[in-house]
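Descriptive analysis of the structure
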Amino acid sequence: MTQGSGGTILQKADQLASFSAMENGLTRAYLTPEHKQAHQQLADWMTEAGLEVWQDSVGNQWGRKLASNPTQPTLVIGSHSDTVVNAGKYDGNLGILLGLEALRQLQDIELPYHVDLVAFADEEGVRFNTTLIGSSSVAGCFQPAWLDIKDDNNVAMGEAMLDFGLSPELAGQDARSPEEVKAYLEVHIEQGPVLEDANQAVGVVTGIAGAKRFQIAVKGMAGHAGTVPHELRLDALCGVAEMISAIEAYGLKYNVVATVGKCEVKPSAVNVIPGEVNFSLDIRSAVQQDLEQACTELFSQLEAIAHRRELQLSHELTYQAQAVPCDSKLQQQWAEVVEIQTGTPASFLASGAGHDAMVMANITDIGILFVRCEKGISHNPREQVNEHDVGVALECLVEMIKRVSSQDTVSST
Ligand SMILES: [Zn+2]
């Protein structure tokens, strides 16, 4: 049964990947026709699995396995259906499909609570440059100001919601309260090489690294590439090159990962000294204190570089998420089901990537299981999982859904 179900899930992942803005690859952003099509497909599959389906105020797709006599709050299982540009098929989507198959298998089993499966419509933040919109709405963290954020085509999120058939004034109004939710479970590909290195199909997540993102502007003076000698230049890009090297050196030395992924040069002409550079900085650590310290120390280094080169430096914090621990009782339960399914003690690991679970932690206890992915590759069309591992993850999730019911209350950490 395990192997067959794993295969079914992989087939469905292929089908979902066809709802894409790209001809020969997968890109699915928030509030796009592809989002609508993928969620319609998920709704159809949810209905087939006996779930009651609905779309919420920000376009998340839900399916509920109804309990005839719920005596406990609702258990929520989910992940995200949106993708990065030219993505793999499993990041986010695998967790939704595992939840779907698990609830299909549990269709005839009576549980003391409803189980809700959710496909969050935005986690990656590709379109509006703000991440985790879907889970933020559910967890009561949706900011109405987000409705004014514009995409690259100058379409505001509120407008995009209207075009999609949603009412922007209702966005986030249907948030869940902590009393209504028993726990949140998420299964996700690891997106790193740790499980492959440990030769484990799945692993129990201890917590999610905190992250901060900054938009940094460095201003110098544009000038003629032929007439201004080097000692008289205020070359913003040369300053930024030095800053990026300092950022990399810091990440190599300390307990953080620091990445400059976006860099815009102005005026960006072959014969003009760069007068201004805007770049992004993403810093993460599983230890909140290390993250805070890294930000302070790095910015003082960047300031020193700017000062020495007579450049103006300014920065804006565009996103931050605290390091979030997973509930210890749920970790222990995942470990028990993993050991039963694999016959070996479970591996524990921290998540360096952000997940919907970290937002859901605002309203409930979270438990995450990682699935091995080939060479740890993700955010890439080469992202790959194997059928055996998906089967193991499925069995673990089915057992976990049943096991959560065997406890009266989930402990808080
Ligand atoms: Zn993801």
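Located above this text is the structure these notes cover.
In this report, we go over the structure that sits alongside the text. (Residues numbered from 1 in each chain as written. Predicted model: local features only at pLDDT ≥ 70, side-chain atom pairs only at ≥ 80, totals over all residues. Heavy atoms only, no water.)

1. Side note on the coordination of the zinc ion
- Of the protein atoms, only His 80 (NE2), Asp 91 (OD) and His 188 (NE2) coordinate the zinc ion, at distances of 2.0 to 2.1 Å.
- Along the chain, the residues that donate to the zinc ion are spaced as H-x10-D-x96-H. On the criterion of sequence distance, the pair formed by His 80 in strand β3 (residues 74-80) and His 188 in strand β5 (residues 181-189) is long-range, its members being 108 residues apart. (Donors = N, O, S within 2.8 Å, 3.2 Å for Na, K, Ca; no water. Helix = DSSP H or I, 4+ residues; strand = E, 2+ residues; numbered from the N terminus.)

2. Describing the nonpolar core
- By size, the foremost hydrophobic cluster in this structure holds 54 residues, and its most contacted members are Trp 334 and Ile 401.
- Of the residues forming this core, the biggest block, ten residues, is contributed by helix α11 (residues 387-404).
- Sequence-distant contacts of Trp 334, that is, excluding residues within four places in its chain, are made with Leu 185, Glu 186, Val 187, Val 204, Gly 367, Ile 368, Leu 369, Cys 396, Leu 397 and Met 400.
- With 26 residues, the next largest nonpolar core counts Ile 208, Ala 211, Leu 349 and Ala 357 among its residues. (Core = buried A, V, L, I, M, F, W, Y, C linked by side-chain atoms within 4.5 Å. Buried < 20%, exposed > 50% of the residue type's maximum accessible area, 1.4 Å probe, protein only. Contact = heavy atoms within 4.5 Å.)

3. A few points about the environment of Leu 162
- On the secondary structure map, Leu 162 appears in helix α5 (residues 157-164).
- Assessed through its relative accessible area of 55%, Leu 162 is described here as exposed.
- Sequence separation between Leu 162 and Leu 234 is 72 residues, and the spatial gap between their C-alpha atoms is 46 Å.

4. Let's talk about the side chain of Ser 20
- By the element assignment, Ser 20 lies in the loop between α1 (2-16) and α2 (33-48).
- Residue classification places Ser 20 among the buried positions, given a relative accessible area of 16%.
- Here Gly 25 takes part through its backbone oxygen, which lies 2.6 Å from a polar atom of the side chain of Ser 20.
- In this structure the side chain of Ser 20 is engaged in a polar contact, spanning 3.1 Å, whose partner is the backbone nitrogen of Thr 27. (Polar contact = N/O pair within 3.5 Å; in protein donor to acceptor, adjacent residues only side chain to side chain.)

5. Side note on the packing of aromatic side chains
- Per the counting criterion, the structure on display carries six aromatic pairs.
- Consider the rings of Tyr 30 and Phe 128, whose centres lie 6.4 Å apart with planes at 85 degrees: the pair is edge-to-face. Linking Tyr 30 in the loop between α1 and α2 with Phe 128 in the loop between β4 (115-120) and α4 (133-138), this pair joins segments that are 98 residues apart in sequence. For the pair formed by Tyr 30 and Phe 128, the shared burial category is buried.
- On the basis of an interplanar angle of 35 degrees and a centroid distance of 4.4 Å, the ring pair of Tyr 250 and Tyr 254 is categorised as tilted. (Phe/Tyr/Trp six-rings, centres within 6.5 Å; stacked < 30°, edge-to-face > 60°.)

Interpretation in functional terms is not warranted from these geometric data alone.
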